[in-house]
Amino acid sequence: MRMITGLSRILIVCLFATLSRECIAADGPRQRSILVLEEADFRSPFYSEIFAGIRAAAKQNGKSDTVIYGESLDLARFPGPDYEESLVGHLKTKYALRSIDVIVSIGVASAKFLQKRKQDIWPAAPVVYGFVPDLPETRALFLPDTTAVFARVRPTHLLTAARAIVPDLTRVVLVGDAWKNPLVYGHWKQDFAAAMPGLEVTDLSDAVLRDVRKQVASLPARSAILTSAMYSDGEGTYYSPASALARIAESANRPIIMTSDTFLGRSGVGGFLLLPEIIGREAGEVAMRILDGEAPSRIAPFGGDNVKPIFDWRQLQRWNVDQANLPPGSEVRFREPSFWEQYYWHSTIVASVVLVQGLMIAILLRERRLRFLAQVEARQRMSELAHMNRRATAGEMTASIAHELNQPLAAILINAETAQHVLQGPAPDLGEVRDILDHIRRDDQRAAEIIDRLRSFLKRDPTERREIDLNATVAEVFRFLSVQAMTHDVELAAEASSSAIRVKGDKVQLQQAILNLVVNGMDAVAHLPDDRRRVVGRTSLADGNLALVSIADTGDGILAEKVTEIFKPFFTTKAQGMGIGLSIAHTIVEAHGGRIWAENTPSGGAVFHVSLPLAAPR
Ligand code: ADP
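Residues numbered from 1 in each chain as written. Predicted model: local features only at pLDDT ≥ 70, side-chain atom pairs only at ≥ 80, totals over all residues. Heavy atoms only, no water.

(A) Inspection of the site of the ligand at higher detail. Residues in contact with the ligand amount to 18 residues; listed here are only the nearest, Asn520, Asp553, Thr572, Thr573 and Lys574. Here Thr573 contributes a side-chain N or O atom positioned 2.3 Å from an oxygen atom of the ligand. One nitrogen or oxygen atom from the main chain of Met578 is found 2.9 Å from an oxygen atom belonging to the ligand. Taken by itself the ligand offers 530 Å² of open surface, and the protein chains cover 90% of this. According to the grid-proximity analysis, the pocket containing the ligand is the largest pocket. Listing elements by their share of the shell around the ligand, those giving two or more residues are α19 (507–525), α20 (581–591) and β20 (606–613). For the shell around the ligand, the residue count by class is nine nonpolar, seven polar and two charged. (Near = heavy atom within 4 Å. Polar contact = N/O pair within 3.5 Å; in protein donor to acceptor, adjacent residues only side chain to side chain. Areas by Shrake-Rupley, 256 points an atom, 1.4 Å probe, with all protein chains shown as cover. 1 Å grid on protein atoms, 1.4 Å probe; cavity = no way out; pocket = protein on both sides within 12 Å on 5 of 7 lines; lining within 4 Å. Sits in = over half its atoms within 2 Å of the grid points. Helix = DSSP H or I, 4+ residues; strand = E, 2+ residues; numbered from the N terminus. Nonpolar A, V, L, I, M, F, W, Y, C, P; charged D, E, K, R; others polar.)

Below you can see the structure in the form of structure tokens.
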């Protein structure tokens, strides 16, 4: 019977707890509980980060299951004894069946509330105070069996940050209602006076937001705006501090110094900022120590490491702040990476590609230059060789020149004698003498032209391109060589095309090329019987826009495997040969955009072809 009574008692307790976590965890270690009492709204960024910090500390400890309850007192927005009374009643009812192992009180307002009402609601729970400044006034709020982790931005912190941003600072403007709370910023007047005796202070902590916006829009240079959290303005309108700050920043014409890192990035320049996540974590860690069995009275209140100078890089740029002026240990956030930092790899790759490309271009340009120089050199050599070649043939031509000169000279002599004879008569016919002298002059001109031709043939002229008559050019070569041909009993025949053929080029050079071919032809037939010694030159048109010259002989032809080799310099099969005639012809023809090739005729001789582009294609 007694056993049944014991069992039913346990069952009743479990029922009362409506299957609470304690009951479910009854087989494991007892679940521990923390109550976080925040002075303001949990949903604001600052207080939600504090809560997140406490939760992180509990998770990190992780020795046993810890439940965390949270309450927003929100006393700033809902002041007055009636609300406070109803709040106490609400909390008493709410937590009647929940044991609270430790309370983490966040903020001065929460500490004040606990001082007055803790006894009614959670008489036995130890307390860890967080987010309270270390001031005698706040310490006076602490109940027995409690401890604290202090967090505070001092008024002088704001001043130091302002002077880092505005080195010649003379004036500050105070914005935000927290300046009025001696438990938050203490006695800023005395602090400012001690730190900067001449500082002008405009206190707008009581002003209506729209007046604040107006005033901060036209502040003088050498001033800065020091903001504390603004929960309500002089009219009693409530704001979230972050949005109030954003609205002030919209119209402010001077840098804004702030107090929380949750405000950073919204147009304030920065300052010594409270780090709410760390505030929560530090208070949470102490709470966990108490849950683990440490007595709060044995943990002396201590200052946390929860304030850090942090600045917004973009604002530093805006206010032209030298980062060297910032307080030691400052952190700069939102730094926009420089072009170099952002595109380091892209730039390196592009630069390397450009470099390699540049290098290749430089090498190619050098190659081109070297090739050009080599070409110039080769052309020079070739022109020297051509000159030598011409001089060599000139000897053979002298006979033909002398033969050609003979005609006009003989005519001049006969005409001179005739003129003498006429003048010796009794009545000389002066008209006849004039005619004779005209003939003499014309013959003399002819002789001069022959000499000119020889001279221009031997001259080492730079290449000159003119439109020339190919038929006449070839005929002239055959005329040059006529005497030599006669001497060696070779029949020379030039068969010109019936249509005019005009090509662009250097007449002397082209004559040189053709002359070399004809001379080779004459060499090739030299050993044959008289009646078979024949060299024929033909000009014709081919494919509509090509001029053709072919020199055929009746010799033995070229060895089939040598038809291309014969154009190489110094290739010769002759005892006295130099082996440059064909290579010079080849160079000259190619320089004129033409082609030269050789083949054997079916009848046995060799034929050399030269094709050249027409001056005006048809
Ligand atoms: P060279 O006349 O001093 O030998 P060329 O360059 O004019 O130099 O000629 C090179 C070689 O080509 C000649 O030695 C000869 O073997 C061959 N050749 C040139 N023209 C003819 C031709 N009409 N018939 C046969 N072989 C020729």
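(B) Representation of the layout of surface pockets in the model. Roughly 1,100 Å³ of internal volume is contained in the largest pocket. If you trace the largest pocket, you find 39 residues lining it, with Asn520, Asp523, Thr572, Thr573 and Lys574 closest to the centre. Looking at the lining of the largest pocket, the elements that each hand over two or more residues are α15 (344–424), α19, β18 (546–553), α20 and β20. In terms of residues, the lining of the largest pocket owes the most to one element, α19, which gives eight residues. Here the lining of the largest pocket is composed, by residue class, of 17 nonpolar, 16 polar and six charged. Counted as a void, the second largest pocket has a volume near 910 Å³. At the level of elements, α3 (45–61), α5 (108–121), α8 (182–185) and α11 (241–251) are the ones that each hand at least two residues to the lining of the second largest pocket. (Points joined across faces, edges and corners; volume = space filled by probe spheres on them.)

(C) Representation of the nonpolar core. Ranked by internal contacts, the top residues of the largest apolar core, which has 57 residues, are Ile34, Val36, Ile165, Leu169, Phe192 and Leu226. No other element matches helix α12 (residues 276–291), which puts seven residues into this core. Once residues within four sequence positions are removed from consideration, Phe192 is found in contact with Pro155, Thr156, Leu159, Val172, Leu174, Trp179, Pro197, Leu199, Val201 and Leu226. Formed by 45 residues, the second largest nonpolar core is a distinct cluster that contains Ile401, Leu481, Val549 and Phe567. (Core = buried A, V, L, I, M, F, W, Y, C linked by side-chain atoms within 4.5 Å. Buried < 20%, exposed > 50% of the residue type's maximum accessible area, 1.4 Å probe, protein only. Contact = heavy atoms within 4.5 Å.)

(D) Just the sheet that holds strand β2 (residues 66–72), in detail. The strand order β2-β1-β3-β4-β5-β11 describes an open sheet built from six strands, whose pairing is parallel. The sheet terminates laterally at β2 and β11 (302–303), the two strands that pair on one side only. As judged from the two bridges shared by strand β5 (residues 146–150) and β11, these two strands associate in the parallel manner. Residue pairing in the sheet places Val149 in a bridge with Phe302 of β11. (Pairing = 2+ DSSP bridges.)

(E) How the structure looks around the pairing of strand β17 (residues 534–542). As defined by bridge partners, strand β15 (residues 491–495) adjoins β17 across five bridges and the pair is classed as parallel. Residue pairing for β17: Glu495 is matched across the bridge by Arg538. Pairing of β17 with β18, which is carried by eight bridges, proceeds in the antiparallel orientation. Among the inter-strand pairings, Leu541 is bridged to a residue of β18, identified as Ala547. Here β17 hands over to β18 after three residues, with Asp543 in that stretch at a positive phi of 50°.

(F) Representation of the packing of aromatic side chains within the structure. Evaluated as defined, the whole model comprises 16 aromatic pairs. Ring centres of Phe46 and Phe131 lie 5.1 Å apart, and the angle between their planes is 55°; on these two criteria the pair is classed as tilted. Separated by 85 residues along the polypeptide, Phe46 in helix α3 and Phe131 in strand β4 (residues 127–132) bring together distant segments of the chain. The same class applies to Phe46 as to Phe131, namely buried. Aromatic pair Trp340 and Tyr344: ring centres 5.2 Å apart, planes at 75°, arrangement edge-to-face. Taken together, Phe46, Tyr47 and Phe131 form an aromatic cluster joined through their ring pairs. Sitting over the face of the ring of Phe334, Arg314 holds its NZ or CZ atom 4.3 Å from the ring centroid. One Lys or Arg, Arg595, reaches over the ring of Trp597 and ends 4.2 Å from the middle of that ring. (Phe/Tyr/Trp six-rings, centres within 6.5 Å; stacked < 30°, edge-to-face > 60°. Lys NZ or Arg CZ within 6 Å of the ring centre and 35° of its normal.)

(G) Broad picture of the sheet that holds β15. Pairing is mixed across the open sheet formed by five strands, whose spatial order is β15-β17-β18-β20-β19. Two strands close off the open sheet at either side, each with one partner strand: β15 and β19 (595–600). Sheet twist, expressed as the average angle between the axes of neighbouring strands with direction ignored, equals 15°. Across the sheet, helix α17 (residues 470–480) touches β15, β17, β18 and β20, and the angle it forms with β17 is around 170°. (Axes fitted to C-alpha atoms, helices over the stretch in contact; angles between N-to-C directions.)

(H) Up close: the packing of helix α4 (residues 81–94) against α5. Running from N to C, α4 and α5 cross one another at 40°; their axes reach a closest spacing of 10 Å. Relative to α5, α4 is oriented oblique. Taken as a pair, α4 and α5 cross one another with a handedness that is right-handed. In this structure, α4 contributes Glu84, Glu85, Leu87, Val88, Leu91 and Lys92 to the contact, and α5 contributes Phe113, Lys116, Arg117, Asp120 and Ile121. In terms of residue class, the contact of α4 with α5 is built from five nonpolar, no polar and six charged. (Parallel < 35°, antiparallel > 145°, perpendicular 65-115°, else oblique. Left-handed = near helix turned anticlockwise from the far one by under 90°.)

(I) Seen up close, the side chain of Gln31. One can find Gln31 in the loop between α2 (21–24) and β1 (32–38). Here Asp65 takes part through its side chain, which lies 2.9 Å from a polar atom of the side chain of Gln31.

(J) Structural detail: the pattern of salt bridges. Counted according to the given criterion, the structure contains 27 salt bridges. Among the ionic pairs, Lys180 bridges to Asp206, the shortest N-O distance being 2.9 Å. Here Lys180, found in the loop between β6 (171–175) and α8, pairs with Asp206, found in the loop between β7 (200–203) and α10 (209–216); they are 26 residues apart in sequence, far enough to count as distant. Take Asp206: its relative accessible area is 52%, and that puts it in the exposed class. (Salt bridge = Lys/Arg side-chain N within 4 Å of Asp/Glu carboxyl O.)

(K) Spatial organisation of the side chain of Ser583. Looking at the secondary structure, you find Ser583 in helix α20. The contacts of Ser583, once residues within four sequence positions are left out, are Phe567, Lys568 and Pro569.

(L) Seen up close, the confidence of the model for the protein. On average, residues of the protein carry a pLDDT of 87, and 90% of them reach 70 or more. Predicted confidence is poor over residues 1–27, with pLDDT under 50, and the contacts of this stretch with residues over four places away or in other chains come to eight contacts. (pLDDT = per-residue confidence, 0-100.)

(M) Local environment of α10. Taken residue by residue, α10 has Leu209, Val212 and Val216 as its buried positions. Down the axis of α10, the buried side of the element spans an arc of 55°, and every buried residue falls inside it. Exposed residues lying more than 90 degrees from the buried face of α10 are Arg210 and Lys214. Those residues of α10 that are buried are in contact with β6, β8 (223–227) and α11. (Arc of directions from axis to C-beta.)

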